[in-house]
Amino acid sequence: PLVSWISSLIKVWPASVFAARAGTIILSIISIPLMVSLFKASGLRDEESLASALILASGSLAGILLGYITTPDIPMIFCWIAALHECAKALADNPKRWLSAGFFTGLGILGKYTMVMIGPVFLIALLFHPKKLKSPWPFLGGLVCVLVLAPHLLWLKDNQWITTRFQFGRGLMSEYGVAMPLGSDLPPAGNSLDSSKEAKLAHFFTLPDDEQPVSKPKPTGFAKAWRGLGDYLGGQLGLWGILLIPMLFAIFNKRLRKRADWT
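Just so we're clear, the structure is a prediction, and the values are computed from it rather than from any experiment.

Calculation notes
Residues numbered from 1 in each chain as written. Predicted model: local features only at pLDDT ≥ 70, side-chain atom pairs only at ≥ 80, totals over all residues. Heavy atoms only, no water. Helix = DSSP H or I, 4+ residues; strand = E, 2+ residues; numbered from the N terminus. Buried < 20%, exposed > 50% of the residue type's maximum accessible area, 1.4 Å probe, protein only. Contact = heavy atoms within 4.5 Å. Phe/Tyr/Trp six-rings, centres within 6.5 Å; stacked < 30°, edge-to-face > 60°. Patch = residues over 30% accessible without salt bridge, like charges linked within 9 Å, V, L, I, M, F, W, Y side chains within 5 Å. Areas by Shrake-Rupley, 256 points an atom, 1.4 Å probe, with all protein chains shown as cover. Salt bridge = Lys/Arg side-chain N within 4 Å of Asp/Glu carboxyl O. Expected span 1.5 Å × (residues − 1). Core = buried A, V, L, I, M, F, W, Y, C linked by side-chain atoms within 4.5 Å. Polar contact = N/O pair within 3.5 Å; in protein donor to acceptor, adjacent residues only side chain to side chain. Lys, Arg positive; Asp, Glu negative; His and termini not counted. Charge placed at Lys NZ, Arg CZ, Asp CG, Glu CD.

Student: I'd love a proper account of the overall build of the chain, names of residues and values included.
Tutor: From N to C terminus, the chain includes twelve helices and zero strands. Walking the chain from its N terminus toward its C terminus, one meets helices and strands in the order α-α-α-α-α-α-α-α-α-α-α-α. Expressed as a percentage of the 263 residues in the chain, the buried residues total 25%. Intrachain contacts of the chain at a sequence separation of at least 6 include 59% that bridge at least 24 residues.

Student: Quick one: what's the story with the packing of aromatic side chains, residue by residue and with numbers?
Tutor: The geometry of two aromatic rings is summed up by the distance between their centres and the angle between their planes. Under the counting rule described, the total for this entry stands at two aromatic pairs. Between Trp-98 and Phe-122, the ring centres sit 5.5 Å apart and the planes meet at 85°, which makes this aromatic pair edge-to-face. Residue Trp-98 is located in helix α6 (residues 97-111), and its partner Phe-122 is located in helix α7 (residues 118-127); the two are separated by 24 residues in the primary sequence. For Phe-122, a relative accessible area of 12% gives the class buried. Seen from their ring centres, Phe-103 and Phe-104 are 5.5 Å apart, and the 70° between their planes marks the pair as edge-to-face.

Student: Hey, could you go over a nonpolar patch on the surface for me, with residue numbers and the actual values?
Tutor: On the surface, Phe-222, Trp-226, Leu-229, Tyr-232 and Leu-233 cluster together to form a nonpolar patch covering roughly 630 Å² of accessible area. Here Tyr-232 lies in helix α11 (residues 221-240).

Student: Mind laying out α6, listing which residues take part and the relevant values?
Tutor: Helical geometry: 3.6 residues make up each α-helical turn, so side chains three or four residues apart lie on a common side. In this model α6 runs 21 Å from its N-terminal to its C-terminal C-alpha over 15 residues, within 8% of the 21 Å that 1.5 Å per residue would give. When α6 is considered as a whole, its buried residues turn out to be Trp-98, Ala-101, Gly-102, Thr-105, Gly-106, Leu-107, Gly-108, Ile-109, Leu-110 and Gly-111. Residues of α6 that are buried sit in contact with α1 (2-6), α5 (73-92), α7 and α8 (137-158).

Student: Tell me what's going on with unusual backbone geometry, and back it up with residues and numbers.
Tutor: Phi angles above zero are rare outside glycine, and Gln-160 is one such case at about 55°. Relative to the helices and strands, Gln-160 is located in the loop between α8 and α9 (162-172). Backbone geometry at Trp-161 places phi at a positive 50°, although glycine is not the residue there. Tracing the backbone shows Trp-161 in the loop between α8 and α9.

Student: Break down the nonpolar core for me, with residues and values.
Tutor: Membership of the largest hydrophobic core comes to 30 residues, with the highest contact counts inside it found for Trp-98, Met-115 and Phe-122. Going through the elements one at a time, α1, α2 (17-41), α3 (47-58), α5, α6, α7 and α8 are the ones with two or more residues in this core. In this structure Trp-98 touches Cys-87, Ala-90, Leu-91, Phe-122, Leu-126, Trp-137, Pro-138 and Gly-141, once residues within four positions along its chain are discounted.

Student: Could you give an account of the pattern of salt bridges, with specific residues and numbers?
Tutor: Applying the stated criterion to the full structure yields two salt bridges. Notably, a salt bridge pairs Lys-112 with Asp-73, separated by 2.6 Å at the nearest N-O pair. Residue Lys-112 is located in the loop between α6 and α7, and its partner Asp-73 is located in helix α5; the two are separated by 39 residues in the primary sequence. For Lys-112, a relative accessible area of 26% translates into the label partly exposed. The shortest N-O distance in the salt bridge between Glu-86 and Arg-97 comes to 2.6 Å. Here Glu-86 is found in helix α5, whereas its partner Arg-97 is found in helix α6, with eleven residues between them in sequence. What makes Glu-86 buried here is its relative accessible area of 8%.

Student: Just give me the short version of the side chain of Ser-135, but keep the residues and values in it.
Tutor: With respect to the helices and strands, Ser-135 occurs in the loop between α7 and α8. Within the structure, Ser-135 has its side chain in polar contact with the backbone nitrogen of Trp-137 (distance 3.3 Å).

Student: Break down a positive patch on the surface for me, citing the residues and quoting the values.
Tutor: Among the surface-exposed residues, Lys-254, Arg-255, Lys-258 and Arg-259 lie close enough to one another that they form a single positively charged patch. By the element assignment, Lys-254 lies in helix α12 (residues 244-262).

Student: Kindly report on the environment of Val-144, identifying the contributing residues and their values.
Tutor: Topologically, Val-144 is positioned in helix α8. Under the relative-accessibility criterion, Val-144 is labelled partly exposed at 22%. Remark: the alpha-carbon pair of Val-144 and Gly-106, spanning 38 residues in sequence, is separated by 7.7 Å. When residues no more than four places from it in sequence are discounted, the contact partners of Val-144 are Leu-99, Gly-102 and Phe-103.

As structure tokens, this is what we get:
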């Protein structure tokens, strides 16, 4: 639902490309000062370190898409940044900020279910500060997250959990967990009479039997895991793109400097 909300300005200005993208642009602009504040809270104080961190965060393919294409990932990425920011502030000196961290976590889940993976991040941060676990604020933040999700969970209950079945089926079983309607009750053109114009069009758009694509057997077991790892690594390389060159150069240059210092 969150990606629909950030695109809702199209209701105000129909047929406006800018209105359709305005929510995405606004989120990308707001994320910049949030990231600066987050980096400072993480110890990056000087201008050079801040600039490098912003380039690495915003110059990747994911960072570029954050300000252009509207997908469910976009509000989730923004909420991830905001939730991390509030977590850092809560761990520093204001434990009440766990409430806003829980709020942005709930919003992020409404953008994309992948947002639940920030839960282990919060847990690891709290384990490094065990005294913080004695405070009620982290748990109240979790309650805020559940309250934000409550309307969506009720909707899922009334609609056979359709989105969760779809996502888990697609992600874990490589197949859709729900029936996908074609969106039309019209009969396929291939069933038309051979002498009709519809049949000629159907013949144009339909491959002959001897040219039909042959589906390859899906990998299983180790082959499936290996293929999944390759797809993941390829996706990461695609996301970082040309930024990998200066990153690798910086790492290589740092090692050369250490060797020079030893000699």
